[in-house]
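Structure assessment
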Amino acid sequence: MIPTTLVSSAQLADRLEDPLWRVFDCRHLLSDPAAGRAAYARSHLPGAFFLHLDEDLSGPTNGRNGRHPLPDPLLLAGKLGAAGVSAETQVVAYDDSGGMFAARLWWLLRWLGHARVAVLDGGIDQWIGEGRAVSTAVPTSTPAILEVDLRDGVVSSDDVLAGLGAQCFRVIDARSPDRFRGENETLDAVGGHIPGAINRFFRDNLDASGHFRPAIDLRREFLALLAGIDPAQVVMSCGSGVTACHNLLAMEIAGLPGARLYAGSWSEWCSDPTRPVARQIP
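Read on for a plain summary of the structure. (Residues numbered from 1 in each chain as written. Predicted model: local features only at pLDDT ≥ 70, side-chain atom pairs only at ≥ 80, totals over all residues. Heavy atoms only, no water.)

Turning our attention to the overall build of the chain. Secondary structure assignment for the chain yields 10 helices and 10 strands. Projecting the C-alpha coordinates of the chain onto the three principal axes gives extents of approximately 50 × 40 × 35 Å. Each of the 282 residues in the chain was classed as buried or not, and the buried ones make up 53%. Considering only contacts in the chain between residues 6 or more positions apart, those separated by 24 or more positions represent 77%. Accessible surface, the chain: about 12200 Å² in total, of which carbon and sulfur atoms supply 53%. (Helix = DSSP H or I, 4+ residues; strand = E, 2+ residues; numbered from the N terminus. Buried < 20%, exposed > 50% of the residue type's maximum accessible area, 1.4 Å probe, protein only. Contact = heavy atoms within 4.5 Å. Areas by Shrake-Rupley, 256 points an atom, 1.4 Å probe, with all protein chains shown as cover.)

Pasting the structure below:
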């Protein structure tokens, strides 16, 4: 069976030497963009390649397209191909943040048309906690070609604006409840949320140990949020299109595929003062 959502550390350990599997370290700190690469240099899973959120998993910013716009798909496919990823490759992404950044690579690969991708449940902390080996060696690979078959899973700010007030359209915001309300905003210039959006903090997808919660629990909670709306009419948003992918992964685990990503998310939305803003500050 091809893993398309999650893999366990035991599953990955069994396939770590498999030439058709590739592992990517996606560790990152929004407050310190150099931290992920430094952590990778200190130790990482054997054979893991490193991908940087800003440099590899995002495109250039221009002040109007959010903090983490989508990368050029052909450029990303080229970087993955350089690490040996082809159509036959099973990709596993991990981080040390409950899948916060690994889910971005998971979604991007699916956007490129590559379904053989999963997130390491529990991340590197689970791996190390089980006493499994780590490495400082930087791997190399025979280059491969990853063909791009771009999927329709993205909406624009204009799409979101046009959907405001529509009963069949729902925006789900993955940010923390305080930032959703408009409080304690430290990353973007304006606090608040898209009018009509509802909040589903991405960390609610995880249990206390940092693993994804059971599919049956995720399904029950997301169905309650959807309130009868088809998943295809759901748009996931967050601060910059990163943790929204965590909610997209959780919905996929829950057997509720089809939701789309507002890649620019709040950081793009609030860059235009003509777009409406909602707040819930007492």
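Moving on, we get to the packing of aromatic side chains. For the coordinates displayed, the defined rule picks out five aromatic pairs. Relative to phenylalanine 50, the ring of tyrosine 40 lies with its centre 5.4 Å away and its plane at 40 degrees, an arrangement referred to as tilted. Taken together, the residues tyrosine 40 in helix H2 (residues 35-42) and phenylalanine 50 in strand E3 (residues 49-50) connect sequence positions 10 residues apart. We note that tyrosine 40, like phenylalanine 50, is buried. Look at phenylalanine 201 and phenylalanine 202: their rings are 5.4 Å apart centre to centre, the planes differ by 80 degrees, and that puts the pair in the edge-to-face class. Judged by relative accessible area, phenylalanine 202 falls into the buried class, the value being 4%. For the cation-ring pair, arginine 200 lies above phenylalanine 222, with the distance from its terminal atom to the ring centre recorded as 4.7 Å. (Phe/Tyr/Trp six-rings, centres within 6.5 Å; stacked < 30°, edge-to-face > 60°. Lys NZ or Arg CZ within 6 Å of the ring centre and 35° of its normal.)

Let us look at the sheet that holds strand E10 (residues 260-262). The strand order E6-E10-E9-E7-E8 describes an open sheet built from five strands, whose pairing is parallel. Two strands in the sheet have a free side with no partner beyond their single neighbour: strand E6 (154-155) and strand E8 (198-199). Here strand E9 (residues 234-237) runs beside E10; their pairing, made up of two bridges, is parallel. When the bridges of E10 are listed, methionine 236 appears paired with leucine 261. On the sheet, helix H9 (residues 243-253) packs against strand E7 (170-173), E9 and E10 and is oriented at approximately 140 degrees with respect to E9. (Pairing = 2+ DSSP bridges. Axes fitted to C-alpha atoms, helices over the stretch in contact; angles between N-to-C directions.)

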